[in-house]
Amino acid sequence: MTSSPDLITVAQRALHSSAVLAAVKGGERSRALQFMSESLRERQDDILEANTLDLEVSREMAVPELILDWLKLTPERLQTAGQILQRLAELSDPIQQVMNVPSYQVDECHTYYQLMPLGVIALVYESFPELGAIAAGLCVRSGNSLILRGGPEASHSNQAIVDTLQLALEDAGLPVGCLQLLSADQGDVIRDVVTLDRYINLVIPYGRSSLVQQVIRQATAPVLKTAIGNCYLYWSPSGGLDIARWMILDSHLSEPDAVNAIEKVLIHRDHSMAALKTLWNSLKEKGFKLRGDEVLLTEFPEVFTAGVDDAEWGQAYLNDTIAFKVVDKLETAISWINQHSSGHADCLATESYQESRQFALGVNSSMTYINASPRFYRNPKRGSPIALGMSNQKGHRRGLISLEALTTMKHIVQGNGGY
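All of the points below concern the structure found in this document.

Each value, and the rule that gives it
Residues numbered from 1 in each chain as written. Predicted model: local features only at pLDDT ≥ 70, side-chain atom pairs only at ≥ 80, totals over all residues. Heavy atoms only, no water. Buried < 20%, exposed > 50% of the residue type's maximum accessible area, 1.4 Å probe, protein only. Helix = DSSP H or I, 4+ residues; strand = E, 2+ residues; numbered from the N terminus. Arc of directions from axis to C-beta. Contact = heavy atoms within 4.5 Å. Expected span 1.5 Å × (residues − 1). Pairing = 2+ DSSP bridges. Axes fitted to C-alpha atoms, helices over the stretch in contact; angles between N-to-C directions.

1. Notes on helix H13 (residues 330-340)
Along H13, the positions that sit buried rather than exposed are Leu-330, Ala-333, Ile-334, Trp-336, Ile-337 and His-340. What you see down the axis of H13 is that its buried residues fit within an arc of 165 degrees, all on one side. Buried positions along H13 lie against strand E7 (231-235), strand E8 (262-268), strand E11 (321-327), strand E12 (346-349) and helix H14 (353-362).

And the structure:
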């Protein structure tokens, strides 16, 4: 099935706009980002009204509670998106930076590389209406066009946000075609858009694993895979109770998307019963539902609500459920994590330097956290990168999906014609 003419027109417009945007000076793009931030604030009531309509329709259609949580906008969530756009406006221009390349030299020539925009990026996402605004900000800052394909549950919210940002882009004198929204009701848009590799340089899927896997299966354009949830913690016998408890609790505090929430905990069989029961009681007091492997379920039926199916170890709960498993050594924990974790953020609580080094080098994840909370901050402290999410792949980029992930590198060899 070929892509519809309307979709091709959108892609062609985005491609043309990306060339225009890449040539715009960084100061002009900063000005546009300021306009975008102000517009979100000024039209907040209109966006929240559209979101209320989406919520009403979604509840009537029995949309899962998780998706409703992701969908529901608040003034605080919109303000956070606006703050991110303002912070992006204040950053130095990430493109057209010139850097030397000492490892690649040509006789009688000056060799360097320059960061350049990718071109056209497509974001395929479900719920999270404000994510479209944040992605738009990252793309404007990095000189890329953006095509949004949101879920039908957020259609009114997404349209209100895109209309708001397009007006700001127009006021700033930038091409409106650099930000476009595809209708979620327009046929099989996901398949059609992710196969437009002639125009689209990168596809980013964001949402549940089923959505991400669908995009990966169907795409012919490059995909930057994202991951949410199913992060592991190995609690070593040398690790303190307070550290392990804090790492788990803090990882679940991000709202509305606890991207790096610890959902699986591997405990060494040498831990004292007193420490284990203290941890479990603390979690239950906070409202967490605890599941255990066969050993724990047999020994502590009063603690665990249910056992864990084999498939669950490799799946994200995306709620207040945490599963526990007993292991006999660090090597076993590393092997289990590499087999079952989502691979974007896994953790270790230990007081052993040797264990920390072995874990950091042995765990096949994009980020490892040792005695540190993996909590994901959508709007981090100043000085930390602003990120759309986390990638667990080893392809185009790995780790935080920040501005650098939306650029590419061009090598330039400047000679004098042999003279």
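There's plenty left to go through after this.
2. Some remarks on helix H2 (residues 26-42)
Taking 1.5 Å per residue, 17 residues should reach 24 Å; H2 reaches 24 Å between its end C-alpha atoms and fits that length. Among the residues of H2, Gly-26, Arg-29, Ser-30, Ala-32, Leu-33, Met-36, Ser-37, Ser-39 and Leu-40 are the ones counted as buried.

3. Let's talk about the sheet that holds strand E2 (residues 110-117)
Pairing is antiparallel in the open sheet, where three strands are placed in the order E1-E2-E16. The open sheet terminates on both sides in strands that have one partner only, identified here as strand E1 (98-100) and strand E16 (407-414). Averaged over all pairs of adjacent strands, the angle between their axes in this sheet comes to 35 degrees, without regard to strand direction. Judged from the three bridges that link them, E1 and E2 form a sheet pairing that is antiparallel. In the strand pairing of E2, Val-98 is matched with Gln-114.

4. Comments concerning the environment of Leu-167
Its place among the elements puts Leu-167 in helix H7 (residues 155-171). For Leu-167, a relative accessible area of 43% translates into the label partly exposed. Separated by 17 residues in sequence, Leu-167 and Ala-184 place their C-alpha atoms 22 Å apart.

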